[in-house]
Every structure is written in structure tokens, then in C-alpha cells.
Amino acid sequence: MNSQASPAADGGAPPKAIDRVREGLKRRYAAERRFRLLGLAAVVMGLLFVALLFADIVIKGHTAFLQTYIQLPIHFDAEVIDPTGERDPKTLKRANYRTLWRDALREAFPSVSGRQDLRQLYGILSIGVSEQLRDMVQSDPDLIGTTQPVWLLADDDVDMLIKGHIDRDLPEADRRVKDGAIAWIEALEAKGAVRKQFNRLFFTNGTSREPELAGIAGALAGSFYTLLLTLLFSFPLAAAAALYLEEFAPKNRWTDLIEVNINNLAAVPSIVFGLLGLAVFINFFGVPRSTPLVGALVLTLMTLPTIIIASRAALKSVPPSIREAALGVGASPLQTQFHHVLPLALPGMLTGTIIGMAQALGETAPLLMIGMIAFIVDVPSGATDAATVLPVQIFLWADSPERGFVERTSAAIMVLLAFLILMNLTAVMLRKRFERRW
């Protein structure tokens, strides 16, 4: 017999090539599944963090859309408001309306005496109540001499108490609202004279040092004028630059240098554009500081690279056959671009422009450098009036210690996010509606 051991006797035949391939495929498929799971986990985790961020903003900010009001019978005393009886608008404007609501509070709580207690009693209403009564009389002078139940704006601390942000069970030393004020508020609540209603002032008032009077109307107007001018400045320049570089410019070292610089400018930190605007537009050209005009000039420089890159991509997507057909029937190069290529590329160019405007809407750093951080109470009426913008207003409110500004900061963030989402949805809809597949 042959004494040499067979392969089967040593443990079996060697693995075939197909078995090694199958084993390798199993390992590769397993690695692919692990990679997919890791990618899915990363996406889920990112969405979870975004959801937590949005939830935190909504939880803190949704109460800002409601404001506490207290109802009191206000006697519009003619001797206080219009002693001459002439109904002169200047006299009505200068009247001491503070006396009216303070008298109403003393009549509601006749047992309160002493300077300190009266000061605490007056503090449950906002200092803006006098202006509220003045506006009522100016709009309807027939109120003079009558007694009317009026819902008056509550102080921000009382507003926080009613909304549950101040715990009534805490020791008096640990809360801003004292026991006496809580007793008066509870007495008014028992009469049904305390309620929360839609905070109209948040959308109609400018900023204020009093949280209950602070609004975003000035910041919204400043953002509107700034974005409008940015669009008017940036889109024509960006479209012309993209059209020239893509369709007419010769390919040489100078155009290559310009293209590289455009791509690099898109990555420059935004605060650099703010420093440039401060040095050039304000110090050299003398453009008014803290105005939407200078803000628009700075944001135009910042958004131009983004819009140019998007516009060039849109021009590249137009098939060469369109150009060849137009030139073949006798159109000039300029007619070819303006009558045929540009209309087909315009949806993509507009999409890039909207994205650039959304980027400009959320910018803060460059605008801080040109003075748009100023405390602006009045709502701007034009592009050369002093103004601020919504992101800067959020920045200012976030630095305020009052609890009322915390919810207004979050509410302003919600409004800003709503505008950003709306602008991005508009860009997506434009692309879906007008984009052509070649």
C-alpha cells in the first residue's frame, strides 16, 4: 500500500476558489452593512440634535406670543386730559395719563397705603400703559369724561408669574415678585381681570429696555431694507460676471486667477467683509453708519461669490446645442446668450440668489462691525435711517438679564428660522417648477 497520506486524511481537500470568493463577498457585504448602519446612526443623531435644539427654542419662545393684561375701570378725567375742553391734539398728547391708571389701581385696592406699598402696587402694570391710554384718547376723543374697562399691559415680572416662569411657592427673597404683589394679582385673577392674549406688540413695536414693550418691528424693517438693497446690488452684478466668465471671457491666466479668487472669497470669514465695509464704505466713502444701505453694500460683497458660482453652474447646465442652433440661424453671440441661454439658466440663477439672500439674512458678524448693533427704538422708514437687523436684535436680547428677554430671544429665533425655511423652500420650488432635464 502507498504510505503517503491523502489530502482527505490530513483534514480535507483545500478550499476551492469559489469558496474563497464567497467568503470575501460575505466580509465585504458585512462591512457595507456596518457602514450603512454607521451612516444611518450619524444621520439620526444629527436629526435628533437638531430636533432637540428646535424643541428647546420652541419651549422657551412660544410663550412670547402671548402677553398678560390686567383689566381696570379707567376714568378718563377731563380735568386731567383736556382741562380747556378744546380737544387740541397737542394738549391730548401732553396729558398726564399716568394719573389715570394709578388712580384706578388705588381704587381697586383702597387698603394699600404707604409710599413703598404704592410703588409696589403701581409696579404690576407696565410703564407703557400711559402711552396705551394716550393712543386710545387720541384715536377716540369721545372717551374723555367717561369710565371704561380697559385691558392694560402688565409688567414683565407679572407676565412671567402668570406664565409660570416664576414659582409662587418659593420664599419671597428668592423671587422677583413679592408676596404683596402676588396677593393683588390673585385678587384680580379671582375677578377675571387677568388674562393672556396675543402679543401684538411683539410684531408692531421696536426694541425697548422693558421686555413687555420690546418688539421686532424695527429689526424686521431693517432686515427688509437691507435684503432688498442686497438683492438689487448683487444679482445684476453676479449675473453679469457669471455670464462674462462663462460665455465670453478668454481662457487665460487672468481669468483663471479671477475664478480662483471668486472661489476663495466664498470661504472668507464674514467678519472680514465687515472690516472691509468699515474701512471702505464708512471711513473712505462716508456712507452713513448703522443704516441698511451700508449693510447691503457689505452683504453684497459677501454674497457675490455664492451667486456667481451658482449662476455659472446654471449656465453650464444649458446644452451646447442651444447655442449652436441659435448661432446657426444667424443670431449674434449676445443675442444667443440673452434670448436663449440666459432664460434657460435663469431658474438656477434665481435659486442660487435666494440661497445667497438666506445666507445674508442670517449674518451678524459683518453687521456688528458697521454699527448695526446700535440700540434703535424707532422703526426705520427708509434705507438711510438708523436700523438694526433680526440676527443682531437676537444677539442684543440674548445678552439681557431679564427673564422676559429670554422668551423674546427664542421667539425672534423662531421668526428668523421661519423666514430662512421659507426662502429655502422657495428656492426648492423654483428649481422643481422651472428646472429642465436635458
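Residues numbered from 1 in each chain as written. Predicted model: local features only at pLDDT ≥ 70, side-chain atom pairs only at ≥ 80, totals over all residues. Heavy atoms only, no water.

Asker: Any chance you could explain the overall build of the protein chain here in plain terms?
Answerer: Helix and strand content of the protein chain: 18 helices and 3 strands. Taking 438 residues into account, the globule formula puts the C-alpha radius of gyration at 22 Å, and the protein chain, at 33 Å, lies well above it. Considering only C-alpha atoms, the protein chain reaches an extent of 125 × 85 × 40 Å along its principal axes. Across the protein chain, contacts joining residues at least 24 apart in sequence account for 76% of those joining residues at least 6 apart. Separation between the mean location of the 43 positive side-chain charges and that of the 42 negative ones in the protein chain comes to 12 Å. (Helix = DSSP H or I, 4+ residues; strand = E, 2+ residues; numbered from the N terminus. Rg over C-alpha atoms; globule rule 2.2 N^0.38 Å. Contact = heavy atoms within 4.5 Å. Lys, Arg positive; Asp, Glu negative; His and termini not counted. Charge placed at Lys NZ, Arg CZ, Asp CG, Glu CD.)

Asker: Help me understand the sheet that holds strand S3 (residues 194-198), please; the structure alone is not making it clear to me.
Answerer: Each strand in a sheet pairs with its neighbour through backbone hydrogen bonds, running either in the same direction (parallel) or in the opposite one (antiparallel). The strand order S2-S1-S3 describes an open sheet built from 3 strands, whose pairing is antiparallel. Here the strands that pair on one side only, and so sit at the sheet edges, are strand S2 (147-153) and S3. With direction set aside, neighbouring strand axes in the sheet form an average angle of 40 degrees. Note: strand S1 (residues 66-75) against S2, 7 bridges, orientation antiparallel. Counted as the bridge partner of His-75 is Thr-147 from S2. Lying on the sheet, helix H6 (residues 129-139) is in contact with S1 and S2; it crosses S2 at an angle near 135 degrees. (Pairing = 2+ DSSP bridges. Axes fitted to C-alpha atoms, helices over the stretch in contact; angles between N-to-C directions.)

Asker: Which parts of the structure should I look at to understand the domain arrangement of the protein chain?
Answerer: Interfaces are often sized by the amount of accessible area the parts lose when they come together. Partitioning the protein chain into structural domains gives domain 1 (2-61), domain 2 (64-205) and domain 3 (217-434). The distance between the C-alpha centroids of domain 1 and domain 2 comes to 68 Å. (Domains from an automatic or database assignment.)

Asker: Looking at this structure, I do not really get unusual backbone geometry. What am I missing?
Answerer: Keep in mind that most residues, glycine aside, have a negative phi and that most peptide bonds are trans. The phi dihedral of Arg-87 falls on the positive side, at around 55 degrees, and the residue is not glycine. Note on placement: Arg-87 falls in the loop between helix H2 (78-81) and helix H3 (89-94). Judged by its relative accessible area of 36%, Arg-87 is partly exposed. (Buried < 20%, exposed > 50% of the residue type's maximum accessible area, 1.4 Å probe, protein only.)

Asker: Help me understand the environment of Ser-270 in this model?
Answerer: Relative to the assigned elements, Ser-270 resides in helix H12 (residues 270-282). Given the relative accessible area of 17%, Ser-270 is considered buried. With 153 residues separating them along the chain, Ser-270 and Asp-117 place their C-alpha atoms 52 Å apart. If we skip the residues at most four places from it in the chain, Ser-270 touches Met-302, Glu-363, Ala-365 and Pro-366.

Asker: In this structure, what is going on with the packing of aromatic side chains? I would like to understand it.
Answerer: How two aromatic rings sit relative to each other is set out by the distance from centre to centre and by the angle between their planes. Here the structure, examined in full by the defined rule, presents 10 aromatic pairs. Between Phe-202 and Trp-397 the ring centres are 6.4 Å apart and the planes differ by 40 degrees, which places this aromatic pair in the tilted class. Placement of the pair is Phe-202 in helix H9 (residues 201-204) and Trp-397 in helix H17 (residues 390-398), with a sequence separation of 195 residues. By the burial criterion, Phe-202 is buried, and Trp-397 matches it. Chaining the aromatic ring pairs together yields one cluster made of Phe-65, Phe-198, Phe-202, Phe-203, Trp-397 and Phe-405. When the ring centre of Trp-151 is taken as origin, the NZ or CZ atom of Arg-195, which lies over that ring, is 4.0 Å away. (Phe/Tyr/Trp six-rings, centres within 6.5 Å; stacked < 30°, edge-to-face > 60°. Lys NZ or Arg CZ within 6 Å of the ring centre and 35° of its normal.)

Asker: How should I be thinking about the environment of Trp-397 in this particular structure?
Answerer: For Trp-397, a relative accessible area of 3% puts it in the buried group. Along the sequence, Trp-397 and Thr-207 sit 190 residues apart, while their C-alpha atoms lie 9.2 Å from each other. Sequence-distant contacts of Trp-397, defined by excluding residues within four places in its chain, comprise Phe-202, Thr-207, Ala-214, Gly-215, Ile-216, Phe-405, Arg-408, Thr-409 and Ala-412. A distance of 3.3 Å separates the side chain of Trp-397 from the side chain of Thr-207, its partner in a polar contact. (Polar contact = N/O pair within 3.5 Å; in protein donor to acceptor, adjacent residues only side chain to side chain.)

Asker: Is there a simple way to think about the pattern of salt bridges in this case?
Answerer: Two side chains with opposite charge may pair up if their charged atoms get near one another. If you walk through the whole model with that rule in mind, you get 17 salt bridges. Between Asp-56 and Lys-60 there is a salt bridge, and its shortest N-O distance comes to 3.6 Å. One end of the pair is Asp-56 and the other is Lys-60, both in helix H1 (residues 17-61) and 4 residues apart, which spans about a single turn. Residue class for Asp-56 comes out partly exposed when judged on its relative accessible area of 35%. (Salt bridge = Lys/Arg side-chain N within 4 Å of Asp/Glu carboxyl O.)

Asker: Mind showing me how you'd approach the environment of Ile-370 here?
Answerer: On the secondary structure map, Ile-370 appears in the loop between helix H16 (365-369) and H17. With 93 residues separating them along the chain, Ile-370 and Gly-277 place their C-alpha atoms 6.9 Å apart.

Asker: Would you mind showing me how to read the confidence of the model for the protein chain here?
Answerer: Low-pLDDT stretches of the model should not have their predicted coordinates read in fine detail. Of the residues in the protein chain, 96% have a pLDDT of 70 or more, and the chain-wide mean is 89. Confidence over residues 5-9 falls short of pLDDT 50; this stretch has 3 contacts with residues more than four positions distant or in other chains. (pLDDT = per-residue confidence, 0-100.)

Asker: When you look at helix H8 (residues 179-190) in this model, what are you seeing that I'm missing?
Answerer: Helical periodicity: at 3.6 residues per turn, an α-helix aligns residues three or four positions apart in one direction. Given a rise of 1.5 Å per residue, 12 residues ought to cover 16 Å, and the 16 Å separating the end C-alpha atoms of H8 matches this to within 8%. When we look at burial in H8, the residues that qualify are Ala-181, Ile-182, Trp-184, Ile-185 and Leu-188. Across the axial projection of H8, the buried residues extend over an arc of 160 degrees, all falling on one side. Following H8 by one or two positions, Gly-192 has its phi on the positive side, about 75 degrees. (Expected span 1.5 Å × (residues − 1). Arc of directions from axis to C-beta.)

Asker: Please clarify how the nonpolar core should be interpreted in this entry.
Answerer: Across soluble globular proteins, you tend to see nonpolar side chains buried next to one another. Judged by nonpolar contacts, the single largest core of 54 residues is most densely connected at Phe-202, Ile-216, Leu-315, Leu-367, Ile-370, Leu-390 and Trp-397. In terms of domain composition, this core takes at least three residues from each of domain 2 (64-205) and domain 3 (217-434). If you look at the next biggest cluster of nonpolar residues, it comprises 45 residues, including Ile-81, Val-112, Met-160 and Ile-166. (Core = buried A, V, L, I, M, F, W, Y, C linked by side-chain atoms within 4.5 Å.)

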